[in-house]
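# Analysis of the macromolecular model
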Amino acid sequence: MKKPILELKNVTSGYNEIQVLKNISIKAFEGEIVAVIGGNGAGKTTMLMTISNIVPVTSGEILYYGEPIHKKPADVLPGIGLCQAPEGRRIFPRLSVEDNLEMGAFLRRDNKKISEDIEYIYQLFPILKDRKKQHGGSLSGGEQQMLAIGRAMMSRPKLLLLDEPSLGLAPLIVLKIFEIIKEINKKGTTVLLVEQNANLSLKIAQRGYVMETGKIIAQDDANALLNNEEIKKAYLGVSD
Amino acid sequence: MIQEFKSKGKKYLIGLVWLFLLLWPLLGINADGTLTFVKAFSVWLYIVCASMIVVTIYIIHKKGLTLKLTKPLSSARNKIYAYTASMPKPLLFSIIGIIAFLFPFFTERYAQDVAINVLIYICLGLGLNIVVGMAGLLDLGYIAFYGVGAYTYALLNTFYGISFWLSLPIAAGFSGIAGCIVGYPTLRMRGDYLAIVTLGFGEIIRIVFNNWMQLTNGPNGILGIKPPSVIIPNFTNGFSLEYLYLKKLHYLYYVALILAIFTIIVVARLSASRIGRAWEAIREDETAAEMMGVNTFSLKLLAYAAGAVLGGIAGSFFAARMRFVSPESFTFIESAMVLSMVVLGGMGSIPGIILGVIALIALPEVFREFELYRMLAFGASMTLMMLFRPKGIIPSKRMGVRSEEKEE
């Protein structure tokens with residue numbers, strides 16, 4: 001039995017009086033891709049924001065390698081190997097692609113390895129290399145998503161949090177990005193993937209959680225979820 | 001050509017009517033409160049004539065009739081651009097430096113006075129650029145730190161007789177501390193709220209200067225501040241060291257030049273550093289910067305303090321040059337002026353801000369001949385500059401098009 005890299009134990013959080021997450025418990029084991037699927041307003045983004053401690057936890061705890069991290073400020077998390085590519089990309093629009101990537105390695109001091117890693121990101125996303133002097137904001141949506149993933153990878157995360165990488169992208173580009181997520185995972189990065197595109201994300205994931213109105217309503221192996229009749233009806237758009 | 005006039009004509013007429021409605025209350029109100037028509041109308045007629053000529057030239061230009069005239073001009077301009085770009089940077093800098101160094105030898109008192117003003121505002125503009133241009137924090141109370149620097153030197157000098165050079169770091173430190181004190185509560189806010197709160201704190205500092213009679217002598221100000229001095233060897237009676245007070249304007253010019261060059265180097269180094277990039281990331285997206293490991297609060301505080309330190313240095317030079325400080329020099333309008341220099345010149349770009357400062361200090365001097373209409377002409381030229389170069393005279397290289405702006 002592998003040990004969990006990330007564990008949420010009965011986490012409750014939200015914005016002021018509005019409680020969004022209600023007793024969420026999930027686990028991510030080393031080396032796997034975990035997908036959390038759910039519709040609009042299910043609380044998926046809030047969950048990632050809570051893990052990154054942008055939204056504070058009201059009760060429960062978040063363990064990373066067995067250590068509680070929910071009291072740690074957001075800006076130390078990339079230093080211990082936990083980095084997020086947030087929803088809607090949120091790249092730095094008026095910094096160049098290269099500067100964006102270097103910002104991802106902000107907490108690292110090993111300049112030589114940073115430039116090696118930038119080369120690795122360019123290998124993953126060759127289009128970024130062609131655009132490296134261009135401003136982040138001048139990229140297309142897909143390129144921006146690649147940049148956001150690349151930027152998060154620059155901190156050499158052990159656990160990568162991805163928030164809706166398919167948001168607003170053409171189907172072909174989504175496929176490409178999911179291919180790369182798989183590749184990143186193969187190199188040893190654990191991925192927690194939050195998605196509305198249930199079909200694709202369950203296909204690349206090993207395990208999956210289904211979220212609805214701030215609660216986890218189902219959890220299983222990704223394949224089992226893909227074949228689950230109710231999930232099919234609700235999230236996969238298959239009806240018979 | 002007539003069709004061109006027709007298509008543009010309606011907009012042009014509406015513009016002229018609007019301009020008259022604007023000018024009438026501006027120029028038509030007499031000292032006794034009566035509203036006249038003639039004065040505004042005559043000025044308006046001048047503008048109508050001038051704009052007619054401009055519009056005609058514009059339309060002829062659009063038709064391509066002036067191509068013969070403008071082509072050699074624009075190719076010459078491009079050649080100059082290419083030449084300055086190909087010139088090695090040290091050469092360019094040294095040419096500018098030599099020009100700046102030789103400036104007092106060829107100019108009168110008046111020009112030197114304006115030049116010193118320009119240099120002070122370069123320090124201020126570049127200091128504010130750290131806060132507004134790099135970290136993206138709109139600060140409307142920046143001039144308060146200029147005031148803290150000025151008062152620190154004034155008080156240290158008049159009470160304890162501490163020299164300019166010694167009190168310069170002390171004044172810088174005090175301004176930095178003031179920046180931290182003001183920044184600590186305010187930097188929790190973002191955007192518009194931050195602007196309002198900094199405006200308030202700026203005024204608070206000025207009002208403290210104005211009312212703390214025992215210390216600052218209130219609105220009467222502090223008199224008798226010594227100018228900067230240098231120690232020079234004197235060989236007349238053997239060997240002795242002597243203080244020389246730099247009272248003459250061209251000596252002060254060199255002191256200001258040294259401070260401005262120091263500021264330029266500091267800001268250039270900062271913007272190329274890791275900290276500079278983190279500031280820019282905060283400006284672009286604070287939450288995303290935090291997720292990348294930027295300690296946003298302390299870096300914002302650092303930006304605020306760094307800006308305040310540069311403002312404080314400029315302030316103590318201001319006190320030493322005027323040999324008098326009073327709270328009137330640190331009103332909101334000064335903050336607004338410095339901010340417009342930064343915006344006009346191009347946020348984040350050092351040569352841009354220097355040009356912006358020169359434009360905003362020099363233009364009012366040029367417009368002195370317009371006498372009464374000086375400020376009107378000044379305002380009009382500022383409006384035109386923003387219309388034609390919305391990103392500033394020389395936009396910063398790092399700051400390009402925002403994704404939402406591009407779609408237009």
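Residues numbered from 1 in each chain as written. Chains lettered and ligands numbered in written order. Predicted model: local features only at pLDDT ≥ 70, side-chain atom pairs only at ≥ 80, totals over all residues. Heavy atoms only, no water.

### Quick look at the overall build of chain A
Selection rule: Strands are runs of DSSP state E lasting at least two residues, helices are runs of H or I lasting at least four, and both sets are numbered from the N terminus onward. We take the radius of gyration over the C-alpha atoms and set the globule estimate at 2.2 Å times the residue count to the 0.38 power. For the exposure calls, accessible area comes from a 1.4 Å probe over protein chains only, and a residue counts as buried if that area is under 20% of its type's maximum, exposed if over 50%, partly exposed in between. When checking whether two residues touch, look at their non-hydrogen atoms; a contact exists if any pair is within 4.5 Å. The accessible surface values rely on the Shrake-Rupley method and a 1.4 Å probe; as for residues, cover is taken only from the protein chains in view.
Of regular secondary structure, chain A possesses 9 helices and 10 strands. In terms of overall dimensions, chain A is globule-like: its C-alpha atoms have a radius of gyration of 17 Å, near the 18 Å expected for 240 residues. Across the 240 residues in chain A, those meeting the buried criterion constitute 57%. Taking as baseline every contact in chain A between residues at least 6 positions apart, the subset at least 24 positions apart corresponds to 68%. Surface summary for chain A: the accessible area is close to 10,500 Å², and the carbon and sulfur share equals 49%.

### Thoughts on the pattern of salt bridges
Quick reminder of the rule: For this document, the term salt bridge refers to a Lys or Arg side-chain nitrogen within 4 Å of an Asp or Glu carboxyl oxygen.
Per the stated rule, a full pass over the model turns up 19 salt bridges over all chains. Across the pair Glu98(A) and Lys133(A) runs a salt bridge, and its minimum N-O distance is 3.0 Å. You can see Glu98(A) sitting in helix 2 (residues 97–104) and its partner Lys133(A) sitting in the loop between helix 4 (126–130) and helix 5 (141–153), a full 35 residues away along the chain. The partner of Arg277(B) in a salt bridge is Asp99(A), with the nearest N and O atoms 3.8 Å apart. Taken together, the residues Arg277(B) in helix 11 (residues 274–284) and Asp99(A) in helix 2 connect one chain to another. On the basis of relative accessible area, Arg277(B) is assigned to the buried category, the value being 11%. Asp99(A) sits in the buried class, given a relative accessible area of 13%. The structure contains a network of salt bridges with shared partners spanning Arg94(A), Glu280(B), Arg283(B) and Glu284(B).

### A few points about the packing of aromatic side chains
All names here are of chain B. The condition is simple: Between 30 and 60 degrees the pair is tilted, below 30 it is stacked and above 60 it is edge-to-face, where a pair is any two Phe, Tyr or Trp rings, Trp via its six-membered ring, whose centres lie within 6.5 Å.
Under the counting rule described, the total for this entry stands at 24 aromatic pairs over all chains. Residues Phe41 and Trp44 carry aromatic rings whose centres are separated by 5.6 Å and whose planes lie at 35 degrees to one another, so their mutual orientation is tilted. Pair noted here: Phe41 and Trp44 are both in helix 2 (residues 38–62), with a separation of 3 residues, about one helical turn. Residue Trp44 is classed as buried on the basis of its relative accessible area, which comes to 16%.

### Focus on the pairing of strand 9 (residues 207–212) of chain A
All names here are of chain A. Note the following rule: Strands qualify as paired when DSSP identifies two bridges or more between them.
Of all 6 residues making up strand 9, 5 are buried, and the element is well covered by its neighbours. Pairing of strand 3 (residues 33–38) with strand 9 involves 5 bridges; the strand directions are parallel. If you follow Val34 over to strand 9, its bridge partner there is Arg207. Relative to strand 10 (residues 215–221), strand 9 runs antiparallel, the two sharing 6 bridges. Among the inter-strand pairings, Met211 is bridged to a residue of strand 10, identified as Ile216. A loop of 2 residues connects strand 9 with strand 10, the two strands running antiparallel in sequence, and Thr213 in this loop sits at a positive phi of about 40 degrees.

### A word on the interface of chain B and chain A
Filter applied, for reference: By buried area we mean how much accessible surface two parts lose on assembly, using a 1.4 Å probe and totalling the loss over both. Residues adjacent in sequence count toward polar contacts only when both atoms are side-chain atoms; beyond that, a polar contact is any pair of N or O atoms within 3.5 Å, and within protein one must be able to donate a hydrogen and the other to accept it. Three classes are used, and their members are as follows: Ala, Val, Leu, Ile, Met, Phe, Trp, Tyr, Cys and Pro are nonpolar, Asp, Glu, Lys and Arg are charged, and the others, Gly among them, are polar.
The interface is formed by 26 residues belonging to chain B together with 25 residues belonging to chain A. Taken as a group, Arg274(B), Met291(B) and Met292(B) account for 31% of the area that chain B buries against chain A, more than any other trio of residues on that side. The tally of links from chain B across to chain A stands at 4 salt bridges. Seen at the junction of chain B and chain A, the total is 4 residue pairs in polar contact (both at pLDDT 80 or more). For the side of chain B that touches chain A, the secondary structure elements donating two or more residues are helix 11, helix 12 (286–291) and helix 17 (403–406) of chain B. Across the side of chain B that touches chain A, the residue classes break down as 10 nonpolar, 5 polar and 11 charged.

### Describing helix 4 (residues 89–106) of chain B
Going by this rule: Take the number of residues in a helix, subtract one, and multiply by 1.5 Å to get its expected span. Think of it this way: the bend at a residue is just the angle between two axes, each fitted to seven residues, one set ending at that residue and the other starting at it.
Here helix 4 of chain B is 18 residues long and its end C-alpha atoms lie 26 Å apart, about the 26 Å a rise of 1.5 Å per residue gives. The sharpest bend along helix 4 of chain B comes to roughly 25 degrees, located at Ala100(B), with the proline Pro104(B) sitting one to four residues further on.

### A few points about unusual backbone geometry
Residues and elements named next belong to chain A. Of note in the backbone geometry, Asn10 takes a positive phi value of approximately 45 degrees without being a glycine. Residue placement: Asn10 occurs in strand 1 (residues 4–15). A relative accessible area of 44% places Asn10 in the partly exposed class.

### Overview of the nonpolar core
For clarity, the threshold we go by: Here, nonpolar core means buried Ala, Val, Leu, Ile, Met, Phe, Trp, Tyr and Cys residues that are tied together by side-chain atoms lying within 4.5 Å of each other.
Of all hydrophobic cores here, the largest spans 146 residues; its most connected members are Leu128(A), Leu124(B), Ile130(B), Trp279(B) and Phe317(B). By residue number, the principal contributor to this core is helix 5 (residues 109–134) of chain B, which donates 16 residues. In this structure, Trp279(B) is in contact with Ile130(B), Met134(B), Ala135(B), Leu270(B), Leu299(B), Leu302(B), Ala303(B) and Ala306(B), ignoring residues within four places of it in sequence. Ranked by size, the runner-up nonpolar core spans 27 residues in total, among them Val34(A), Ala42(A), Leu48(A) and Val194(A).

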